Amino acid sequence: MAVASGVVAQPLFRAPVGTRDILPPESVRRRRLVSVFADLADRSGFELLESPIFEELGVFQRLGANNDVVTKELFEFFDKGDPPRHLALRPELTASVCRAFAEHRPTVPWKIWYSGPQFRYERPQAGRYRQFDQVGVETLGTDDPYADVEVIGLGVRFYEALGMRQVRLQINSLGDAESRPAYDAALADYLQNRRGELSEQSRVTLERNPLRVLDSKREQDQPVIAAAPVMADFLSGASAEHFVAVKAGLDSLDAAYEVSPRLVRGLDYYTRTTFEFVADALDTAQNAVGGGGRYDGLVEELGGPPTPGIGFALGVDRILLACDAEGAFGGASPPVQVFVVDVAGGLNAAVLCDRLRQAGLGVDRAFGGRSMKAQMKRADRSGASVAVIVGPDEQAAGTATVRDMRPGGGQRQVPEPEVVVAVAEMLAGAAP
Ligand code: HAM
């Protein structure tokens, strides 16, 4: 339609950079993915925690003073309080879970799962967004290595349940408070000695956080990283024993893993067990489809009692990209079973839809009094096995036509009160 003269065209808004609308059918597929995860978590004794999307800034500052997630990537803001509170959108959920634990002091072990959006002001690219979804679990209050095995095993079984075959599990131990200082010092020494060979970015990282240099993917840094001291040589007796038990546990579940001695994670709270799930079907730059580990000091840093913890978060967006690349978890929405075609007008179709849905069937319908032909086309596209047709003749006779849409299917006219039974019988009968 022509815009009337004098009317100013409105700007076309788009979703903010790094965010996107998840439209059907992808939105349906995501919801199904979360329900696969929820089902596994439920059956493993984890309970759902729903925490706020934003927290006091201080909660996230505990993730590491020199960490990019905290220093560069937080979406921070002040509220309208007097004085205003400094808040931030959550970049991940482990800190919120530990804050909730410190606040409510639930009985331990506290096993919870979560799902929802996280926010990081990162440079967007394929598989990296400013708003992305995670599903995850956390077990607080036990440092039993078999809690690590349960958590990691759940991740393994989840990818399997989606039909993914190209996900590798990498594990490492980052040691405990006893073993870590010696390692950190040895690593910093080593990297300082070879500083001149490092990329410019890694030289900057080295000043702030030597461990994170090991995470560099830059070609130039690889020879230096390959010869760097490894944590395994510095583990305390207790940490080494813990790691052996975790590996033995994974072996007993037939969960394949690679020990990756230079695996470091993007957040600073990790101690002892750390792991990452890597999807070989994705580009190496963004191929981590999940990760986690132990964070035995985090609850205490958030004002709670000393409490060990282990968990993971899996990136829903990247998992779905990896599924696409592998041809796994098509996840198309199940078609409706019944489509109601209404060429009579009036309320009969609305009442029939309601009765069929109350009987537990998946039902869709057409609106707007479109032609029989157009409505039958929609019925076809809906994937329904049965169409219920209400035309003027049927309406006058108090009946509806129940038609089997499957190849070679027949149809019959039934009194309206019997439509639900007739549809159920037709659906239950083998396709003719
Ligand atoms: P993370 O490694 O930062 O760990 O994130 C976990 C997963 O979230 C990543 O492996 C990735 O799949 C996904 N992810 C992260 N950033 C983005 C992004 N910008 N766009 C798309 N996907 C992304 C954590 O968040 C920890 N809280 C995990 C944890 C739980 N550790 C212990 N418990």
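Described below are features of the structure shown in this document. (Residues numbered from 1 in each chain as written. Predicted model: local features only at pLDDT ≥ 70, side-chain atom pairs only at ≥ 80, totals over all residues. Heavy atoms only, no water.)

**Description of the site of the ligand**
Next, step 1: Taken together, 27 residues form the shell around the ligand, and within it E92, T94, E122, R265 and Y270 come nearest.
Next, step 2: T94 has a polar side-chain atom sitting 2.8 Å from a nitrogen atom of the ligand.
Next, step 3: At a separation of 2.8 Å, an oxygen atom of the ligand approaches a polar backbone atom of A288.
Next, step 4: Out of a free accessible area of 660 Å², the ligand has 96% covered by protein chains.
Next, step 5: Top element by residues in the shell around the ligand is strand β10 (residues 288-294). It accounts for 6 residues.
Next, step 6: Residue composition of the shell around the ligand, grouped by class: 11 nonpolar, 9 polar and 7 charged. (Near = heavy atom within 4 Å. Polar contact = N/O pair within 3.5 Å; in protein donor to acceptor, adjacent residues only side chain to side chain. Areas by Shrake-Rupley, 256 points an atom, 1.4 Å probe, with all protein chains shown as cover. Helix = DSSP H or I, 4+ residues; strand = E, 2+ residues; numbered from the N terminus. Nonpolar A, V, L, I, M, F, W, Y, C, P; charged D, E, K, R; others polar.)

**Let's talk about the packing of aromatic side chains**
Next, step 1: Throughout the structure, instances matching the rule amount to 13 aromatic pairs.
Next, step 2: Plain terms: the ring middles of F37 and F158 are 5.2 Å apart, the flat faces sit at 85° to each other, and that makes the pair edge-to-face. Residue F37 is found in helix α1 (residues 26-43), and its partner F158 is found in helix α5 (residues 145-161); the two are separated by 121 residues along the sequence.
Next, step 3: Take F37: its relative accessible area is 0%, and that puts it in the buried class.
Next, step 4: Taking the centre distance of 5.9 Å and the plane angle of 50° together, the rings of F158 and Y159 count as tilted. Each member of the pair, F158 as well as Y159, is classed as buried.
Next, step 5: An aromatic cluster of at least three residues, connected via ring pairs, comprises F37, W113, F158, Y159, F275, F277 and F312.
Next, step 6: A cation over a ring is seen here: R20 above Y129, with NZ or CZ 3.8 Å from the ring centre.
Next, step 7: Positioned above the aromatic ring of Y121, the side-chain terminus of R130 is 3.9 Å from the ring centre. (Phe/Tyr/Trp six-rings, centres within 6.5 Å; stacked < 30°, edge-to-face > 60°. Buried < 20%, exposed > 50% of the residue type's maximum accessible area, 1.4 Å probe, protein only. Lys NZ or Arg CZ within 6 Å of the ring centre and 35° of its normal.)

**Details of the packing of α5 against helix α10 (residues 237-252)**
Helix packing for two helices is described by the angle between their axes and how far apart those axes are.
Next, step 1: At a minimum axis separation of 8 Å, α5 and α10 run at an interaxial angle of 40°. The angle between α5 and α10 falls in the class oblique. Crossing of α5 over α10 shows right-handed handedness. Where α5 approaches α10, its residues P145, Y146, D148, V149 and I152 are matched on the opposing element by H242, A245, V246, G249 and L250.
Next, step 2: For the contact of α5 with α10, the class distribution of residues is 7 nonpolar, 2 polar and 1 charged. (Axes fitted to C-alpha atoms, helices over the stretch in contact; angles between N-to-C directions. Parallel < 35°, antiparallel > 145°, perpendicular 65-115°, else oblique. Left-handed = near helix turned anticlockwise from the far one by under 90°. Contact = heavy atoms within 4.5 Å.)

**Observations regarding the sheet that holds strand β12 (residues 338-342)**
Next, step 1: The mixed open sheet is built from 5 strands, whose spatial order is β13-β12-β14-β15-β16. Lying at the two open borders of the sheet, with one neighbouring strand each, are β13 (363-365) and β16 (411-415). Across this sheet, the average inter-strand angle for adjacent strands is 25°, counted without regard to direction.
Next, step 2: One ladder, built from 5 bridges, connects strand β15 (residues 399-404) with β16; its direction is antiparallel. Its bridge partner lying in β16, R403 is registered against Q411.
Next, step 3: This element, helix α14 (residues 372-382), spans β12, β13, β14 (386-390) and β15 of the sheet and lies at about 170° to β12.
Next, step 4: Contacting β12, β14, β15 and β16, helix α16 (residues 419-428) runs over the sheet at an angle of about 10° to β15. (Pairing = 2+ DSSP bridges.)

On their own, these measurements won't tell you what the molecule is for.
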